[in-house]
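Architecture and fold: a report
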Amino acid sequence: MAGGGDIQWCFSQVKGTVEEDVTEGEAPPHHYLSVDPDGDSWEYENGTRETEHMLPGSEDVGSDCEDGDICNADIISTVEFNQDGELLATGDKGGRVVIFKREPPETKQSLPRRGEYNVYSTFQSHEPEFDYLKSLEIEEKINKIRWLPRQNAAYSLLSTNDKTVKLWKITERDKRPDGFNLKDDEGRIKNPNDITALRVPFFKPTELIVEASPRRVYANAHTYHINSISLNSDHETFLSGDDLRINLWHLEITDRSFNIVDIKPANMEELTEVITAAEFHPSMCNVFVYSSSKGTIRLCDMRQRALCDQHSKMFEEPEDPSNRSFFSEIISSISDVKFSHSGRYLISRDYLSVKVWDLQMDSRPIETYQVHEYLRSKLCSLYENDCIFDKFECAWNGTDSQIMTGSYNNFFRMFDRNTKRDLTLEASRENTKPKCILKPRRVCTGGKRKKDEISVDSLDFNKKILHTAWHPTENIIAVAATNNLYIFQDKDKV
Amino acid sequence: MQRSFVDHATLLVGCDPHSSTATSQKLGVLIHLLQFLFLKSISKDKMASVDAQRLIALSIGKLQASRSQRGGIDLHKNLLVSHVLYTARTALLTGMVPEYYHAETTAVQTDDDTVDCPERVEEVAVPVPESRECDSALPSGEGEGETKTLCTLTPVVDLAQPPLTSASGNVDSRLQETDVTLTETMDKENISTEQQQNLTTTSLQPAVLGERCANVPTASCDNKRSAAPCSCCRKRKQSETEAACDSISPKKRRIEQQETDSESDSWETTEDMCTESPVSSLVSIFNSGFKGLVHSSIELESEPPQQAVPRSGPNSSKQGLQQCMQEVVTSIGTLARPIVAF
């Protein structure tokens, strides 16, 4: 969208497989290509699982699919920038975490002026497990990644699957000791009789090696599937939330956690709602919120009592009776909740809309943005193909003036809170020319279809954008489209 | 007490459908034709009921499929699916289906893509313009036999309303009521009266859905005849589902029995721990049972009329309806005189 103050988004990078986006049920492709704006490209064979050793600048996002198996493992399940935006982490269904780091531009005059995100580290965070007691398989899919603030040269992040949270430390090594007296260059012990001279060992620069090692494993605290983790502003504790309970952990202590929310009824047959997302307040270390499948958001204060079953505030909008249908409950279920950077507002994403809430007013949201209202009449078919259960995430920009969320057909939507304008863009391989400006897309809801519009029936519901992330300070966005990661920037800075 | 459809028709035309005269025989035919027409005119609600049944079958299928998926049962999804199941079931039993259904299908009013509504509006639109013509014709006091005969159509539809205090006379007011009723039926805004819902769906249910028999107008022996086989197959289906449900958690059934009557138990499924085979049998029963019920009911309903009325399934096409309409109109034309004579 042109106009004063509006951002024009253009393509920056895409990571992932080159063929048609892999959806469940398709055979895995065997070549991986990454296209960069300067036109260079690399091609890799379907490789083995990566170790910690990765060179910056290489684009391998390899997977380890078995023949005939769907490349489910490549589907990105979470995207997260770190606090300064230099690192971008993605988790996928195969339990891998891939971290991209923004390289500084070579010279100040070179383009892109911001530098690109290149693979920094890849490691296997979680492996598939088997619960012998319940005879259930535990998926290795990474549900959430949260970065810890940097306290030394190493980076730390929390990653979680359905049952276990892990703290990973990512360290760089670019020197190695050399010149030992008792060992030779290959590391073999020298014959003491052959040693004739004495020398001081020294550090020799070597190629950069990025290593990721699990520092803590927080296990066996959740009966149900973990859907959220959130680091506290005190940088010492974090919460992990599953369908019915939220636990509070200390980063250093792995053998116990405190249960702070428990909505499990005494009789499971009386279950009416589950927890869908939870997050700590960005500055108030005692406040957190959790959302439910019934469309409510509860704010809790940990100072009140140890078990925060009773909320301090409940944010709920009364249901519009004229919109009541069989699926009212499903579409009111909140899939994501995010505090603004200021801590004053929070956004909640339900199936059809994004709502902005003021923490000081719990009666109704202050703003509501319709993401894809044209789907309201299609709810029955969406129920049939299970799309109605998709959990879309939402994101704030750095200044809390814009909101972004995903939709179907690889569309994602951005809402400007000040101008009240909305924008629909598409993440597709057709727009991957360097610095190609993204054209706004429109969905035709009825009547005559204008040129460049797409009709509701032509939408591809297998191509969905569930996970998006916005750089904490700049206008750079990362959009996960099934197994591809698109990075877009605003035009002015490119 | 609600009068039966046939009772109203009898009072309106002023003769006994069971008398042996030729006129009354023809009248009997007319009544059955009109009954058929009545069912067609509320096909939108019927469609809604069929969709509710389909939702129930879908939901059960999803619950069963979730047991075999990797990673264990997704509690959130299962909860939502069971909620849809419960809502659809409750809607069917209480007759609130049109309310839910209309909200979905008419969500986007100007939307050409809402396929269902425009079609059904056209289906119902066929009799309505004629009734509107009647309205304009009546005050003038004129009208040919046909027009007046057509007007008798609308009060028949109006019979779905709660018992009229005076059956005779005051055709005008009844017509106006009917006009409002039909308008409401057509109304995309879905402001259908509670009365209409209760009556259209309760009169619809025993014939089509095979649900409980309460509040069913069954005065006519013809209705009883057609309803009897229906109730047989209903009972058979219910016993199968009950058998399937018996093997599912008994705790759930106890709770359900406290809330609703025994018939609705047979439709309930579990939200959590359940063995696969009873659920799969439920799935197959629902998949075939509803369709079987609906089909058998429709066939039975369409049998009695002696004239060739086209048989149709639950999803009758627009052309089928129009054909029916034309046949009814022609047949009514032949009966015009005796009716006008009233």
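What you see is a predicted model; the values in this text were computed from it and never measured.

1. Focus on the overall build of chain A
A tally of regular secondary structure across chain A gives 2 helices and 34 strands. A burial count over chain A gives 55% of its 494 residues as buried. The long-range share in chain A, meaning contacts at least 24 apart out of those at least 6 apart in sequence, stands at 54%.

2. Re the overall build of chain B
Helices and strands together make up the secondary structure of chain B, namely 16 helices and 0 strands. Evaluated residue by residue, chain B yields a buried proportion of 53% over its 342 residues. Of the roughly 14900 Å² of accessible surface on chain B, 53% is carried by carbon and sulfur atoms.

3. Observations regarding the pairing of strand β7 (residues 117-124) of chain A
Successive side chains on a regular strand alternate, one facing one side of the sheet and the next facing the other. All names here are of chain A. Of all 8 residues that make up β7, 8 are buried, and the element is covered over most of its length. Pairing analysis gives 7 bridges linking strand β6 (residues 96-102) to β7, with the strands arranged antiparallel. The partner of Arg102 across the bridge, within β7, is Tyr117.

4. With respect to the packing of aromatic side chains
In this structure the tally under the stated criterion is 22 aromatic pairs over all chains. Aromatic rings pair up to connect Phe11, Phe412, Tyr486 and Phe488 of chain A into one cluster. Across from the ring centre of Tyr345 of chain A, 4.6 Å away, lies the NZ or CZ of Arg417 of chain A, which sits over that ring. Positioned over the ring face of Tyr383 of chain A is Lys62 of chain B, at 5.0 Å from the centre of the ring.

5. Overview of the environment of Cys285 of chain A
All names here are of chain A. Tracing the chain through its elements places Cys285 in the loop between β18 (275-280) and β19 (287-292). Residue classification places Cys285 among the partly exposed residues on the basis of a relative accessible area of 38%. Residues Cys285 and Thr237, spaced 48 residues apart in sequence, show a C-alpha to C-alpha distance of 9.3 Å. Excluding its chain neighbours within four sequence positions, the residues that come into contact with Cys285 are Asn232, Ser233, Asp234, Phe280 and Met302.

6. Digging into the pattern of salt bridges
Opposite charge on two side chains permits pairing when their charged atoms draw close. Within the structure shown, the criterion is met by 36 salt bridges over all chains. We note a salt bridge from Arg70 of chain B to Glu137 of chain A, for which the minimum N-O separation is 2.9 Å. With Arg70 of chain B in the loop between α3 (43-67) and α4 (75-94) and Glu137 of chain A in strand β9 (residues 136-138), the pair connects residues from two separate chains. With a shortest N-O distance of 3.5 Å, Lys204 of chain A and Asp178 of chain A are connected by a salt bridge. Here Lys204 of chain A is found in strand β13 (residues 202-218), whereas its partner Asp178 of chain A is found in strand β12 (residues 165-178), with 26 residues between them in sequence. Counted as one network, the salt bridges with shared partners bring together Glu137, Glu139 and Glu140 of chain A together with Arg70 of chain B.

7. A short note on the sheet that holds strand β4 (residues 76-81) of chain A
All names here are of chain A. Across the sheet, 4 strands lie side by side as β4-β5-β6-β7; this open sheet has antiparallel pairing. The open sheet terminates on both sides in strands that have one partner only, identified here as β4 and β7. The mean angle between the axes of side-by-side strands here comes to 20 degrees, regardless of whether they run parallel or antiparallel. Note that β4 and strand β5 (residues 87-92) share 5 bridges and pair antiparallel. Within β5, the residue paired with Thr78 across the bridge is Gly91.

8. Focus on the pairing of strand β20 (residues 297-301) of chain A
All names here are of chain A. With respect to burial, β20 is a largely interior element, 5 of its 5 residues being buried. Across the two faces of β20 the burial is the same, with Ile297, Leu299 and Asp301 and Arg298 and Cys300 all buried. Hairpin geometry of β19 and β20 is characterised by an intervening segment of 4 residues between the two adjacent antiparallel strands and by a positive phi of about 90 degrees at Gly295. The pairing of β20 with strand β21 (residues 313-315) spans 3 bridges and is antiparallel. Residue Ile297 lies in a different strand from β21, and its bridge partner there is Phe315.

9. Considering the sheet that holds strand β10 (residues 144-147) of chain A
All names here are of chain A. Spatial strand order, β10-β11-β12-β13: 4 strands in an open sheet with antiparallel pairing. Each end of this open sheet is capped by a strand with a single partner; those strands are β10 and β13. Averaged over neighbouring strand pairs, the angle between their axes works out to 25 degrees when direction is ignored. Where β10 lies against strand β11 (residues 155-160), 4 bridges are found, and the strand directions are antiparallel. Note on β11: the bridge partner recorded for Arg146 is Leu158.

10. Overview of α4 of chain B
Because an α-helix completes one turn every 3.6 residues, residues spaced three or four positions apart along the sequence face the same direction. All names here are of chain B. Here α4 spans 28 Å end to end across 20 residues, near enough to the 28 Å set by a 1.5 Å rise per residue. Counting buried residues along α4, 16 of its 20 residues qualify, which places the element largely inside the surrounding structure. Backbone geometry just after α4 places Gly95 at a positive phi near 80 degrees.

11. Side note on the nonpolar core
Core analysis: the biggest nonpolar cluster contains 36 residues, and Phe327, Tyr351, Leu375, Tyr383 and Ile388 of chain A have the highest contact counts within it. Secondary structure elements with two or more residues in this core: α1 (328-332) and α2 (379-384) of chain A together with α3 and α4 of chain B. No other element matches the 7 residues that α4 of chain B contributes to this core. In this structure, Ile7, Met404, Met414 and Leu425 of chain A belong to the second largest nonpolar core, which totals 19 residues.

12. Digging into unusual backbone geometry
Residue and element names in this part refer to chain A. Phi at Asn220 is positive, roughly 60 degrees, even though this residue is not glycine. The residue Asn220 is located in the loop between β13 and β14 (228-231) in this model. Asn220 gets classed as exposed once you look at its relative accessible area, which sits at 78%. The phi angle at Thr482 is positive, at roughly 55 degrees, despite the residue not being glycine.

13. Some thoughts on the confidence of the model for chain B
All names here are of chain B. Per-residue pLDDT for chain B has a mean of 53; in total, 15% of the residues score no lower than 70. Every residue in residues 108-276 scores below 50 in pLDDT, and together they form 263 contacts with partners more than four places removed in sequence or on other chains. pLDDT under 50 marks residues 335-342. Its contacts with residues more than four places away, or in other chains, come to 12 contacts. Scoring of the predicted complex yields 0.64 for pTM and 0.85 for ipTM.

14. A closer look at the confidence of the model for chain A
All names here are of chain A. Scored by pLDDT, chain A comes out at a mean of 86, with 86% of its residues at no less than 70. Taken as a whole, residues 21-64 scores under 50 in pLDDT and shows 114 contacts with residues more than four places along the chain or in a different chain. pLDDT under 50 marks residues 66-70. Its contacts with residues more than four places away, or in other chains, come to 7 contacts.

15. Thoughts on the environment of Gly16 of chain A
Residues and elements named next belong to chain A. By the secondary structure assignment, Gly16 is in the loop between β1 (9-15) and β2 (31-35). Judged by relative accessible area, Gly16 falls into the buried class, the value being 9%. Put simply, Gly16 and Asn483 are 467 residues apart on the chain and 6.1 Å apart in space, counted from C-alpha to C-alpha.

Rules used throughout
For every chain, the first residue of the written sequence is number 1, and numbering continues from 1 onward in sequence order. Chains carry letters from A onward and ligands carry numbers from 1 onward, assigned in written order. Per-residue local features of the predicted model are confined to residues with pLDDT of at least 70, and side-chain atom pairs are confined, for both listing and counting, to 80 or more; whole-chain, interface and lining totals are unaffected and use all residues. Side-chain metrics rest on all non-hydrogen atoms present in the structure, leaving aside hydrogens and water. Going along the chain from the N terminus, every DSSP run of H or I of four or more residues is numbered as a helix, and every run of E of two or more is numbered as a strand. Per-residue accessibility, obtained with a 1.4 Å probe over protein chains only, is compared with the maximum for each type, and a residue is labelled buried under 20%, exposed over 50%, and partly exposed between these values. Contacts between residues were defined by any pair of non-hydrogen atoms, one from each residue, lying within 4.5 Å. Methods summary: accessible areas were calculated by the Shrake-Rupley approach with a probe of 1.4 Å, and residue burial reflects only the protein chains presented. Here, a strand pair is defined by DSSP locating no fewer than two bridges between the strands. Side-chain rings of Phe, Tyr and Trp (the six-membered ring for Trp) are treated as a pair once their centres are within 6.5 Å; stacked means planes under 30 degrees apart, edge-to-face means over 60, and tilted covers the remaining angles. Only when the NZ of Lys or the CZ of Arg is both within 6 Å of the ring centre and within 35 degrees of the ring normal is a charge said to sit over the ring. Every case where a carboxyl oxygen of Asp or Glu lies within 4 Å of a side-chain nitrogen of Lys or Arg is listed as a salt bridge. The axes used here are C-alpha line fits, helices contributing only the stretch in contact, and every angle between their N-to-C directions lies in the interval 0 to 180 degrees. In this scheme, a helix's expected span is set at 1.5 Å multiplied by one less than its residue total. Nonpolar cores are built from buried Ala, Val, Leu, Ile, Met, Phe, Trp, Tyr and Cys residues. Side-chain atoms within 4.5 Å join them into one set. As a per-residue measure, pLDDT tells how confident the predictor is, with possible values from 0 to 100.

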